[in-house]
2 protein chains.
Amino acid sequence: MRRALDEAANAARHGEVPVGAVITDQHGLVLAAAGNAVEARRDPTAHAEILALHEAATRLGEKYLQGCTITVTLEPCPLCAAAISLFRIKHLVFGAYDPKSGGVVHGPRVFDHVTCHHKPAVTGGVEESESAALLKGFFRSRRDRGGSAFTLD
Amino acid sequence: MRRALDEAANAARHGEVPVGAVITDQHGLVLAAAGNAVEARRDPTAHAEILALHEAATRLGEKYLQGCTITVTLEPCPLCAAAISLFRIKHLVFGAYDPKSGGVVHGPRVFDHVTCHHKPAVTGGVEESESAALLKGFFRSRRDRGGSAFTLD
């Protein structure tokens, strides 16, 4: 989670919503790490998880990431939850809960349906306060500068 | 939908699950068309909709696809439904319903939660029988060759 938080903080320095993701293999080796890059890539789907999943699969030369863990600073949205399932990730660890846009324990709860053909183990709330503080600080700073009024809670 | 069905049929000829997607702008101009390319790209997220959304955004040079329509031969899965929302597509038209893996009117029903911040208009069942026939033919052929036993219904 430390590495994911670093990716999130780095994303914030580049004007991105601070979310970071890290993928490790079954031995704990880091395969990929990414921060949110929606603004840099002008792509609304360039979430940290999506970038890290593709980077890890490319690095391994594999279609699936079976046995791997993804650690994310924020509860994944429905897009990222669905991608985590499609890549057959074994374990999802996330930091802050996201009642506004989350898709794992909020909203559509992507893994909790028979239409979900691969459900990872899920551990939420890991270093939750630090993840949430990064996000709150980012949105507070944007509001102070007259930017988006979107907030985490 | 004709063009989307052609993309689906072409995908099947390349050993892909036959799903096709087309994106048109507010004047009906085709911006992008793609077939499922999961096997060709060895990427479990290379669904027809995802490829078409990125192609259309690149062509327009825009981050969002406001005012655009996506026409897909099959009910989008949760990944694609979430991407359609994130790209702010105005109208989703789809062919066959997908009770096994769909994410719009089945399973997580991605658009039907307060966590979904952009909900497109949805029209399902357009040329449903032709879309479904393509899929059924594909899976029947795969079973006959001893391939996956996955079927649409």
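What counts and how
- Residues numbered from 1 in each chain as written.
- Chains lettered and ligands numbered in written order.
- Predicted model: local features only at pLDDT ≥ 70, side-chain atom pairs only at ≥ 80, totals over all residues.
- Heavy atoms only, no water.
- Buried < 20%, exposed > 50% of the residue type's maximum accessible area, 1.4 Å probe, protein only.
- Helix = DSSP H or I, 4+ residues; strand = E, 2+ residues; numbered from the N terminus.
- Pairing = 2+ DSSP bridges.
- Right-handed = clockwise from strand over helix to strand, strands pointing away.
- Salt bridge = Lys/Arg side-chain N within 4 Å of Asp/Glu carboxyl O.
- Axes fitted to C-alpha atoms, helices over the stretch in contact; angles between N-to-C directions.
- Parallel < 35°, antiparallel > 145°, perpendicular 65-115°, else oblique.
- Left-handed = near helix turned anticlockwise from the far one by under 90°.
- Contact = heavy atoms within 4.5 Å.
- Least-squares fit on C-alpha atoms with pLDDT ≥ 70 in both.
- Buried area = accessible area lost by both parts, 1.4 Å probe.
- Polar contact = N/O pair within 3.5 Å; in protein donor to acceptor, adjacent residues only side chain to side chain.
- Nonpolar A, V, L, I, M, F, W, Y, C, P; charged D, E, K, R; others polar.
- Expected span 1.5 Å × (residues − 1).
- Arc of directions from axis to C-beta.
- Phe/Tyr/Trp six-rings, centres within 6.5 Å; stacked < 30°, edge-to-face > 60°.
- Lys NZ or Arg CZ within 6 Å of the ring centre and 35° of its normal.

A word on the pairing of strand S3 (residues 69–74) of chain A
Residue and element names in this part refer to chain A.
- Of all 6 residues in S3, 6 are buried, a share of seventy percent or more.
- The pairing of strand S1 (residues 20–24) with S3 spans 4 bridges and is classified as antiparallel. When the sheet's bridge partners are listed, Thr-24 is paired in S3 with Thr-69.
- Of the pairings in the sheet, the one linking S3 to strand S4 (residues 91–96) comprises 5 bridges and is parallel in character. Looking at the pairing, Ile-70 lines up with Leu-92 of S4.
- For the crossover that starts at S3, traverses helix H4 (residues 78–86) and ends in the parallel S4, the hand is right-handed.

Remarks on the side chain of Thr-71 of chain B
- With respect to the helices and strands, the residue Thr-71 of chain B is situated in strand S3 (residues 69–74).
- When its relative accessible area of 11% is taken as the criterion, Thr-71 of chain B is described as buried.

A look at the pattern of salt bridges
- This structure, assessed with the given rule, holds 10 salt bridges over all chains.
- For Glu-130 of chain A, the salt bridge identified is with Arg-2 of chain A, shortest N-O distance 3.1 Å. Taken together, the residues span a long stretch of sequence, with Glu-130 of chain A in helix H5 (residues 128–144) and Arg-2 of chain A in helix H1 (residues 2–13) at a distance of 128 residues.
- The class of Glu-130 of chain A is partly exposed, set by a relative accessible area of 32%.
- The residue Glu-39 of chain B makes a salt bridge to Lys-63 of chain A at a minimum N-O spacing of 3.0 Å. Of the two residues, Glu-39 of chain B sits in helix H2 (residues 38–41) while Lys-63 of chain A sits in the loop between helix H3 (48–60) and S3, which places them in two different chains.
- Each member of the salt-bridge network shares a partner with another, and the members are Arg-2, Asp-6 and Glu-130 of chain A.

Examining the packing of H3 of chain A against H4 of chain A
Residues and elements named next belong to chain A.
- The geometry of H3 relative to H4 is characterised by a closest axis approach of 9 Å and an angle of 20 degrees between their N-to-C directions. Here H4 runs roughly parallel to H3, going by the angle between their axes. Our pair here, H3 against H4, has a crossing hand that is left-handed. Between H3 and H4, the residues in contact are Glu-49, Ile-50 and Leu-53 and Leu-79, Cys-80, Ala-83 and Ile-84, respectively.

Points about the relation of the copies chain B and chain A
- Aligned on chain A, chain B shows an RMSD of 0.0 Å; the corresponding rotation is 180 degrees and the shift along the axis is 0.0 Å. Expressed as a symmetry operation, the mapping of one chain copy onto the other fits a two-fold axis.
- In this assembly the copies share their binding face: 100% of the residues contributing to the interface of chain B also contribute to that of chain A.

What to know about the interface of chain B and chain A
- Facing the 29 residues of chain B at the interface are 29 residues of chain A.
- When residues of chain B are sorted by the area they lose upon contact with chain A, Pro-44, Lys-63 and Thr-115 of chain B head the list and together hold 26% of the total.
- Viewed at the interface, chain A and chain B are joined by 2 salt bridges.
- Summed over the shared surface of chain B and chain A, the number is 12 residue pairs in polar contact (both at pLDDT 80 or more).
- Listed by contribution, the elements that provide at least two residues to the side of chain B that touches chain A are H2 and helix H4 (78–86) of chain B.
- When residues in the side of chain B that touches chain A are grouped by element, the largest group, 5 residues, is from H4 of chain B.
- By residue class, the composition of the side of chain B that touches chain A is 13 nonpolar, 10 polar and 6 charged.

Description of H5 of chain A
Residue and element names in this part refer to chain A.
- Spanning 17 residues, H5 covers 24 Å between terminal C-alpha atoms, matching the ideal 24 Å at 1.5 Å per step.
- Turning to H5, its buried residues number three or more, namely Ser-131, Ala-132, Leu-135, Phe-138, Phe-139 and Arg-142. Angular distribution of buried residues about the axis of H5 spans 125 degrees; they occupy a single face of the element. Seen from the open side of H5, the exposed residues pointing more than 90 degrees away from its buried face are Ser-129 and Asp-144.
- In this fold, the buried residues of H5 make contact with H1, S3 and S4.

Re H4 of chain A
- With 8 of its 9 residues buried, H4 of chain A lies for the most part within the structure.
- Just downstream of H4 of chain A, Arg-88 of chain A is the residue with a positive phi angle, here 60 degrees.

Some remarks on the packing of aromatic side chains
All names here are of chain A.
- All chains considered together, the criterion is met by 4 aromatic pairs over all chains.
- Pairing Phe-94 with Tyr-97 gives two aromatic rings, centres 5.1 Å apart and planes at 80 degrees, and the pair type is edge-to-face.
- Directly above the ring of Tyr-64 sits Arg-88, whose terminal nitrogen or CZ lies 3.7 Å from the centroid.

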